[in-house]
Amino acid sequence: MTGPEATPQLAWAPKWATVLAALVGAAVLGAGSASYSDDVVGRGLLGLAAVLLLIIAAIGGLVRPRLRVVPGTGGTPPRLAVRTPFTSREYRIDQIYRLRVVRYPRLARKVPILEIDVREPDERLLLLSRWDLGTNPDRVFSALVEARAVPPEPHGL
């Protein structure tokens, strides 16, 4: 098989079920804020929580795919495309200093985060969690290794 069907699509984004759950939560909190009439501060806090959940759901729905492997053509290595709410950037493998899964302590357990350290054209540290990727970051890292989209481990700083 040749053409686009021969290479699998390597793209990750938040799951639609979690985005819809955030939308439902925003609607419930918004309705609670509208019907809770005894306490003005409580109404304000419920309304603020509803707006924040709505923003989270909007970002999860609009930023798709969050991380994608763009296949190389003519023997060139693949590139990584990372989308944020305001931009979309592609990075060549030689622009990435380090790509790894780091386990950060959160709520008494270690949570895996995909860490992408980009040095060129400008320095940035991209942290992608399970929410951003829609799956375990370890699985994404394994798929990136198989697609040869991970730079070699740097020696020294």
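Residues numbered from 1 in each chain as written. Predicted model: local features only at pLDDT ≥ 70, side-chain atom pairs only at ≥ 80, totals over all residues. Heavy atoms only, no water.

Undergrad: Sorry, what's going on with the overall build of the protein chain here?
TA: Scanning the protein chain from N- to C-terminus turns up four helices and seven strands. In the protein chain, the succession of helices and strands from N to C terminus is β-α-α-β-β-β-β-β-β-α-α. Here the protein chain has a C-alpha radius of gyration of 19 Å; the compact-globule value for 157 residues is 15 Å, and the former is much larger. In terms of overall dimensions, the protein chain has C-alpha extents of about 65 × 40 × 30 Å along its principal axes. (Helix = DSSP H or I, 4+ residues; strand = E, 2+ residues; numbered from the N terminus. Rg over C-alpha atoms; globule rule 2.2 N^0.38 Å.)

Undergrad: Teacher, can you tell me more about the side chain of T135 here?
TA: Considering the arrangement of structural elements, one finds T135 in the loop between α3 (130-133) and α4 (137-146). Here T135 falls in the buried class, since its relative accessible area comes to 16%. Excluding anything up to four places from it in sequence, T135 contacts W12, R130 and V140. (Buried < 20%, exposed > 50% of the residue type's maximum accessible area, 1.4 Å probe, protein only. Contact = heavy atoms within 4.5 Å.)

Undergrad: Looking at this model, I keep getting lost on helix α1 (residues 16-35). Mind explaining?
TA: Because an α-helix packs 3.6 residues into every turn, residues spaced three or four apart end up facing the same way. Taking 1.5 Å as the rise per residue, α1 with 20 residues should run 28 Å; its terminal C-alpha atoms sit 29 Å apart, in good agreement. Every buried residue of α1 is accounted for by V19, A22, G25, A26 and S33. Burial along α1 is one-sided: seen end-on, the buried residues are contained in an arc of 120°. Exposed and oriented more than 90 degrees from the buried face of α1 are A17, V24, A27, V28, A34 and S35. For α1, the secondary structure elements touched by its buried residues are α2 (40-62) and α3. (Expected span 1.5 Å × (residues − 1). Arc of directions from axis to C-beta.)

Undergrad: Help me out: how do you make sense of the packing of aromatic side chains in this one?
TA: The geometry of an aromatic ring pair is captured by two quantities: the separation of the ring centres and the angle between the planes. Per the counting criterion, the structure on display carries zero aromatic pairs. Here the basic side chain of R119 rests over the ring of Y97, its NZ or CZ set 4.0 Å away from the ring centre. (Phe/Tyr/Trp six-rings, centres within 6.5 Å; stacked < 30°, edge-to-face > 60°. Lys NZ or Arg CZ within 6 Å of the ring centre and 35° of its normal.)

Undergrad: Would you explain α4 in this entry?
TA: Listed in full, the buried residues belonging to α4 are P137, V140, A143 and L144. Each buried residue of α4 lies within a common arc of 120° when the element is viewed along its axis, so the set occupies one face. Looking at α4, the residues exposed on the side facing more than 90 degrees away from the buried face are R139 and E146. Sitting at the head of α4, N136 places a side-chain oxygen 3.0 Å from the backbone nitrogen of D138. Two residues or fewer after α4 comes R148, characterised by a positive phi angle close to 60°. (Polar contact = N/O pair within 3.5 Å; in protein donor to acceptor, adjacent residues only side chain to side chain.)

Undergrad: Mind showing me how you'd approach the nonpolar core here?
TA: The nonpolar side chains of a soluble globular protein tend to be buried, and buried together. In this structure, W12, L67, L80, L114, I116 and L144 are the most contacted members of the largest nonpolar core, which totals 20 residues. At the level of secondary structure, the elements contributing two or more residues to this core comprise β2 (67-70), β3 (79-83), β5 (96-106), β6 (109-118), β7 (124-128) and α4. If near-sequence neighbours (up to four positions away) are discounted, I116 is found in contact with L67, I96, R98, L99, R124, L125, L126 and L128. (Core = buried A, V, L, I, M, F, W, Y, C linked by side-chain atoms within 4.5 Å.)

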